[in-house]
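Reading the structure
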Amino acid sequence: MSQLENIQAEYEKFPEIFESIIISTVSAEAIPNASYAPFVMDDAKNIYIYVSGLSTHTKNLYANPHVSVLFIEDEAKSHLIFARRRLSFDCTATLIERETDNWNQIVEQFQGRFGEIVEVLRGLSDFRIFRLTPSEGRFVVGFGAAYQISGDNLHQIVQITGDTDKKQG
């Protein structure tokens, strides 16, 4: 296996080691907010979060559907704090309507992953499910080892080089 193939395989598995993601949202007044949320992901790399309508990040998603998500290596497992492995996606949030077939299917995925707490959340009317659809991303595995992910093919990484950056402007 080539180095690129190894990193490609690592990229595909990387989100599986996490139960929650860091999310960055922006309010209608352009005030940023960093938070986190447990998630499930589908085969197309759509990320689903189940969040309280009372939270700042949920209010922000209603006001501005642009969200950035971050999966980042645990500090305790990192060999070098300045080069933690991380995966980020720029996404657009879409509310999944309650009690639809799609909503029920996603809630079942949450329950399968997180257990009985989801049954409690299911009964709370303020909890919402958002689908975060990635448009692009970046997978960083160390110094000089960053890979672009395009919305055209979220399953394919492309190494970012000095030449790549010059072409992009």
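The residue numbers shown here count from 1 along each chain, following its written sequence. Local features in a predicted model are, by the rule used here, given only for residues with pLDDT of at least 70; side-chain atom pairs are given and counted only at 80 or more, and totals for whole chains, interfaces and linings are based on all residues. Hydrogens are left out, water is left out, and the side-chain values use all remaining heavy atoms of the structure.

**Side note on helix H1 (residues 3-13)**
- Classification of residues uses two cut-offs on accessible area relative to the type maximum, computed with a 1.4 Å probe and protein chains only: under 20% is buried, over 50% is exposed, and between them is partly exposed. Only runs of H or I of at least four residues qualify as helices and only runs of E of at least two qualify as strands under DSSP, and these elements are numbered from the N terminus. Looking at H1, one finds that the buried residues are Ile 7, Gln 8 and Tyr 11. One side of H1 carries all its buried residues, which in axial view fall inside an arc of 105°.
- Note on contacts: a residue pair is in contact if any heavy atoms of the two residues lie within 4.5 Å. Those residues of H1 hidden inside the fold are in contact with strand E5 (86-96), strand E6 (127-142), strand E7 (145-150) and strand E8 (153-159). Working definition: the arc comes from the directions between the helix axis and the C-beta atoms, pointing outward to the latter.

**So, the packing of aromatic side chains**
- Centres within 6.5 Å are what make two rings of Phe, Tyr or Trp a pair, Trp counting through its six-membered ring; a difference in plane orientation under 30 degrees is then read as stacked, over 60 as edge-to-face, and the rest as tilted. For the structure on display, the rule yields 10 aromatic pairs.
- Arranged with centres 6.4 Å apart and planes meeting at 85°, the rings of Tyr 50 and Trp 103 form a pair that is edge-to-face. Of this pair, Tyr 50 sits in strand E3 (residues 47-52) while Trp 103 sits in helix H3 (residues 101-114), placing them 53 residues apart in sequence.
- In this structure Tyr 50 comes out as buried when scored by relative accessible area, which is 5%.
- Ring geometry for Tyr 50 versus Phe 127: centroids 5.8 Å apart, planes at 85°, classification edge-to-face.

**A look at the side chain of His 57**
- Among the secondary structure elements, His 57 is positioned in helix H2 (residues 56-63).
- Judged by its relative accessible area of 10%, His 57 is buried.
- Engagement of the side chain of His 57 in a polar contact is seen with the side chain of Ser 55, the distance being 3.2 Å.
- If we skip the residues at most four places from it in the chain, His 57 touches Ile 23, Thr 25, Asn 33, Ser 35, Tyr 36 and Val 51. Within 3.5 Å is the distance limit for a polar contact, defined as a pair of N or O atoms, with the added protein rule that one can donate a hydrogen and the other accept it, and that residues adjacent in sequence qualify only through two side-chain atoms.

**Here we look at the nonpolar core**
- The definition of a nonpolar core used throughout is a set of buried Ala, Val, Leu, Ile, Met, Phe, Trp, Tyr and Cys residues joined through side-chain atoms within 4.5 Å. Ranked by internal contacts, the top residues of the largest apolar core, which has 28 residues, are Ile 49, Phe 71, Phe 89 and Leu 132.
- Non-local contacts of Phe 89, meaning those with residues more than four positions away in its chain, are made with Tyr 11, Lys 45, Ile 47, Val 67, Ser 68, Val 69, Phe 71, Pro 134, Glu 136, Gly 137, Ile 149 and Leu 154.
- Among the nonpolar cores identified, the runner-up in size contains 12 residues, and Tyr 48, Tyr 50, Phe 127 and Ile 129 belong to it.

**Some words on the pairing of E7**
- In terms of residue burial, E7 counts as a mostly covered element, since five of its six residues are buried.
- In short, DSSP must find at least two bridges between two strands for them to pair. As paired elements, E6 and E7 share six bridges and run antiparallel to each other. The residue of E7 that forms the bridge with Gly 142 is Ala 145.
- Between E6 and the antiparallel strand that follows it, E7, lie two residues; Gly 144 among them carries a positive phi value of about 70°.
- Note that E7 and E8 share four bridges and pair antiparallel. Each bridged residue has a counterpart across the sheet, and for Gln 148 the counterpart in E8 is Val 158.

**Here we look at the layout of surface pockets**
- A 1.4 Å probe that fits but cannot get out identifies a cavity on a 1 Å grid over protein atoms alone, an open set with protein on both sides within 12 Å along at least five of seven lines counts as a pocket, and a residue lines either if it has an atom within 4 Å of a point. Grid points are joined across faces, edges and corners, and a volume is the space filled by probe spheres set on the points. Its boundaries defined by the atoms lining it, the largest pocket holds a volume of some 180 Å³.
- Taken together, the residues of the lining of the largest pocket break down into three nonpolar, one polar and six charged. In this classification, Asp, Glu, Lys and Arg are treated as charged, Ala, Val, Leu, Ile, Met, Phe, Trp, Tyr, Cys and Pro as nonpolar, and every other residue, Gly included, as polar.

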